[in-house]
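Take a look at the letters that make up each chain.
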Amino acid sequence: MFELVHVMQSQEQLNYHVQDSCAKNLELSQWVEDVTKQLIYDLPETENELIGNFQGGGALLEEEERPRKAARRSSDEEGPVFLHNRDRVLICKESDEPCLNLLTLLLECAVAISVDNLGDAHRLLLELTQMASPYGASCAERVVAYFAKAMLSRVINSWIGVCTPLINIKAIHSAFQVYNNVSPFVKFAHFTSNQAILEAFHRHERVHIVDLDIMQGLQWPALFHILATRAEGPPHLRMTGLGASMDLLVETGKQLSIFARRLGMHFEFYPLDTKCGDIVDFSVLQIRRGETLAVHWLQHSLYDATGPDWKTMRLLTSLGPRVFTLVEQDIAHGGSFLDRFVTSLHYYSTLFDSLGAFLPGDDPGRHQAEHCLLHREINNVLAIGGPARSGEDKCRHWRSELLRSGFMQIPMSTNSMAQAHLILNMFPPAHGYNLVQGDGTLRLGWKDTSLYTASAWTSTNNPFR
């Protein structure tokens, strides 16, 4: 039976933190943050120590030898709070004891996977998949169900070899459009980036946009409309859209061309069914001298849209755009499995909370967004991602990489901030969303958790100004 001393200690503190969080009436995402912070506090300092202890490389202390947690302190006392009674029954905010059991089992399973104890992980996951449903009434049950599925995929892949899941691009695009309607995050990415591009194109007559993952092109009609009505007249606009399906790219180009024609704007579209990291001959991007170039990248974890990060950076450096708009998910994709588990559990719990505040549990749009988008991202982060499995390191801080590669940040303007505020006003639980402007960026989150960061950059070696 899977048994680690630090896991037993974590369970003791899980009980306390659940009770404490419930008393404060915290949401799932805040509760998860408290619990995972305590999990990190309890883990050995290094992964080698963790593996060594589990595999017999170090002596495990018997439970009786472990220091017991002290009684709960008053709110005035400082320092870590400990617990000496691990057997009491506690209540979770969203449901009751089952909620605690689900998340405790999930954390145990994550630790088992982190030390390659796949047998116990598989046993725990089979139990979890019977207990949690993606159609559950609580956010906690839904989150656990999707995380359990992702971790089960990882265990199976570890047994049979790493495999790449099939990608249904049409289903993803359809769900992305639904997500755009039920959540402000996509609109935030689109409108803040559009504003930065609009300002970079001011008084420029020939402009070119390269979208590194254009999908259905939902972002661009709003920008087309503003460009077509600007005081100096509409520009000559050319666009290169990258994606995974030529058929879908052609359809996207057709729809954008029809819209541009209605506005009386000259428009050319070039579909490119490849990843930007796979491009060797940059002439396929159809960029011409004399054009003002903008490159846009909305990052996500739905599939690998760009290829290796270092190749994407090589492309950006070679193009030297006047403006590069970047929208990042505030979640780390690198590090160990346990690192990614902890950060992604908090991140996606927050996203589930935000959807749950806006839509009822049986809403079909909510389920489509959760199942086709969030579940797929969770699976890619946990089951597919990680440098040990892909062989490629991810950029943890794109802004630092851009600065090192000859880019200079363009502060997001007050107009971008105003656009973001207008977007938030479109959604009923506007009080839950948090918009922060700082360090030249705009961050949108739910409650106290930042989820997306928008920034704009310009190349200091810019041939397309």
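Draft legend 1. Fine view of the overall build of the protein. Across its full length, the protein carries 16 helices and 9 strands. By residue count, 55% of the 465 residues in the protein fall in the buried class. Here the analysis covers contacts within the protein between residues at least 6 apart in sequence; of these, 79% occur between residues at least 24 apart.

Draft legend 2. Summary view of the pattern of salt bridges. Taken as a whole, this structure holds 11 salt bridges when the rule is applied. Close ionic contact of lysine 275 with aspartate 304 constitutes a salt bridge, the shortest N to O distance being 3.3 Å. Highlighted residues: lysine 275 in the loop between strand S3 (267-272) and strand S4 (292-298) and aspartate 304 in the loop between S4 and helix H11 (309-319), separated in sequence by 29 residues. Look at aspartate 304 and you get partly exposed, because its relative accessible area is 37%. Through salt bridges with shared partners, one network takes in Arg238, Glu268, Arg288 and Glu291.

Draft legend 3. Looking closely at the environment of leucine 166. Relative to the helices and strands, leucine 166 is located in the loop between helix H6 (139-160) and helix H7 (169-182). Separated by 137 residues in sequence, leucine 166 and tyrosine 303 place their C-alpha atoms 9.9 Å apart.

Draft legend 4. Representation of unusual backbone geometry in the model. Look at aspartate 116: it is not a glycine, yet its phi comes out positive at around 60°. By the secondary structure assignment, aspartate 116 is in the loop between helix H4 (97-114) and helix H5 (118-131). Here aspartate 439, not a glycine, exhibits a phi torsion of approximately 55°, which is positive. Secondary-structure assignment places aspartate 439 in the loop between strand S7 (433-438) and strand S8 (441-446). Here aspartate 439 falls in the exposed class, since its relative accessible area comes to 72%.

Draft legend 5. Layout of the pairing of strand S9 (residues 449-459). Counted residue by residue, S9 has 10 buried out of 11 residues, so it is predominantly covered. Bridging between strand S5 (residues 323-329) and S9 involves 6 bridges; their strand directions are antiparallel. Across the sheet, the residue bridging to threonine 325 is alanine 456, located in S9. As defined by bridge partners, strand S6 (residues 407-410) adjoins S9 across 4 bridges and the pair is classed as antiparallel. Directly across from glutamine 409, in S9, lies its bridge partner tryptophan 457. Strand direction decides the pairing type here: S8 and S9, joined by 5 bridges, are antiparallel. Looking across to S9, one finds that arginine 443 is bridged to threonine 453. The turn joining S8 and S9, which pair antiparallel and follow one another in sequence, is formed by 2 residues; a positive phi near 55° is taken by lysine 447.

Draft legend 6. Main features of the packing of aromatic side chains. Throughout the structure, instances matching the rule amount to 12 aromatic pairs. Here tyrosine 347 and tyrosine 348 contribute two aromatic rings whose centre-to-centre distance is 5.0 Å and whose plane-to-plane angle is 80°, an arrangement assigned as edge-to-face. Taking relative accessible area as the criterion, tyrosine 347 reaches 2% and is therefore assigned buried. Among the aromatic residues, ring-to-ring pairing joins Phe185, Tyr433, Trp446 and Tyr452 into one connected group.

Draft legend 7. Geometry of the pairing of S7. When S7 meets S8, the two strands line up antiparallel, connected through 6 bridges. Bridged to tyrosine 433 within S8 is tryptophan 446. Between S7 and S8, which pair antiparallel one after the other, the connecting turn spans 2 residues, and aspartate 439 there sits at a positive phi close to 55°.

Draft legend 8. Focus on the environment of glutamine 419. Following the sequence through the fold, glutamine 419 ends up in helix H16 (residues 414-424). As for glutamine 419 and phenylalanine 188, which are separated by 231 residues in sequence, their C-alpha atoms are 8.0 Å apart. Setting aside residues no more than four positions away along its own chain, glutamine 419 makes contact with Phe191 and Gln195.

Draft legend 9. Examining the packing of helix H9 (residues 220-228) against helix H10 (residues 246-262) more closely. Two numbers describe how H9 lies on H10: the axes approach to 10 Å, and their chain directions differ by 20°. In terms of axis orientation, H9 runs roughly parallel to H10. Note that H9 runs across H10; the crossing there is right-handed. Counting all contacts with H9, which are made through Trp220, Pro221, Phe224 and His225, the residues of H10 involved are Leu256, Phe259 and Ala260. Within the contact of H9 with H10, the residues separate by chemical class into 6 nonpolar, 1 polar and no charged.

Draft legend 10. Seen up close, the nonpolar core. Among the nonpolar cores identified, the biggest contains 102 residues, and Met151, Tyr179 and Phe341 are the most heavily contacted of them. If sequence neighbours within four positions are ignored, methionine 151 has contacts with Leu106, Cys109, Ala110, Ile113, Leu125, Phe337, Phe341 and Leu382. Counting 21 residues, the second-largest nonpolar core is a separate cluster that includes Leu242, Leu316, Leu326 and Trp398.

Draft legend 11. Molecular detail of H9. When H9 is considered as a whole, its buried residues turn out to be Trp220, Leu223, Phe224, Leu227 and Ala228. Each buried residue of H9 sits inside an arc of 130° when the element is viewed along its axis, so together they form one side.

Draft legend 12. Representation of the side chain of threonine 449 within the structure. Mapped onto the secondary structure, threonine 449 falls in strand S9. Here histidine 346 takes part through its side chain, which lies 3.4 Å from a polar atom of the side chain of threonine 449.

Draft legend 13. Main features of the environment of phenylalanine 224. With respect to the helices, strands and loops of the structure, phenylalanine 224 is situated in helix H9. Residues within four places of phenylalanine 224 in sequence aside, it is in contact with Leu237, Met239, Leu256, Phe259, Ala260, Leu263, Met265 and Phe267.

The rules we used
Residues numbered from 1 in each chain as written. Predicted model: local features only at pLDDT ≥ 70, side-chain atom pairs only at ≥ 80, totals over all residues. Heavy atoms only, no water. Helix = DSSP H or I, 4+ residues; strand = E, 2+ residues; numbered from the N terminus. Buried < 20%, exposed > 50% of the residue type's maximum accessible area, 1.4 Å probe, protein only. Contact = heavy atoms within 4.5 Å. Salt bridge = Lys/Arg side-chain N within 4 Å of Asp/Glu carboxyl O. Pairing = 2+ DSSP bridges. Phe/Tyr/Trp six-rings, centres within 6.5 Å; stacked < 30°, edge-to-face > 60°. Axes fitted to C-alpha atoms, helices over the stretch in contact; angles between N-to-C directions. Parallel < 35°, antiparallel > 145°, perpendicular 65-115°, else oblique. Left-handed = near helix turned anticlockwise from the far one by under 90°. Nonpolar A, V, L, I, M, F, W, Y, C, P; charged D, E, K, R; others polar. Core = buried A, V, L, I, M, F, W, Y, C linked by side-chain atoms within 4.5 Å. Arc of directions from axis to C-beta. Polar contact = N/O pair within 3.5 Å; in protein donor to acceptor, adjacent residues only side chain to side chain.

These values are about where atoms sit, not about what they do.
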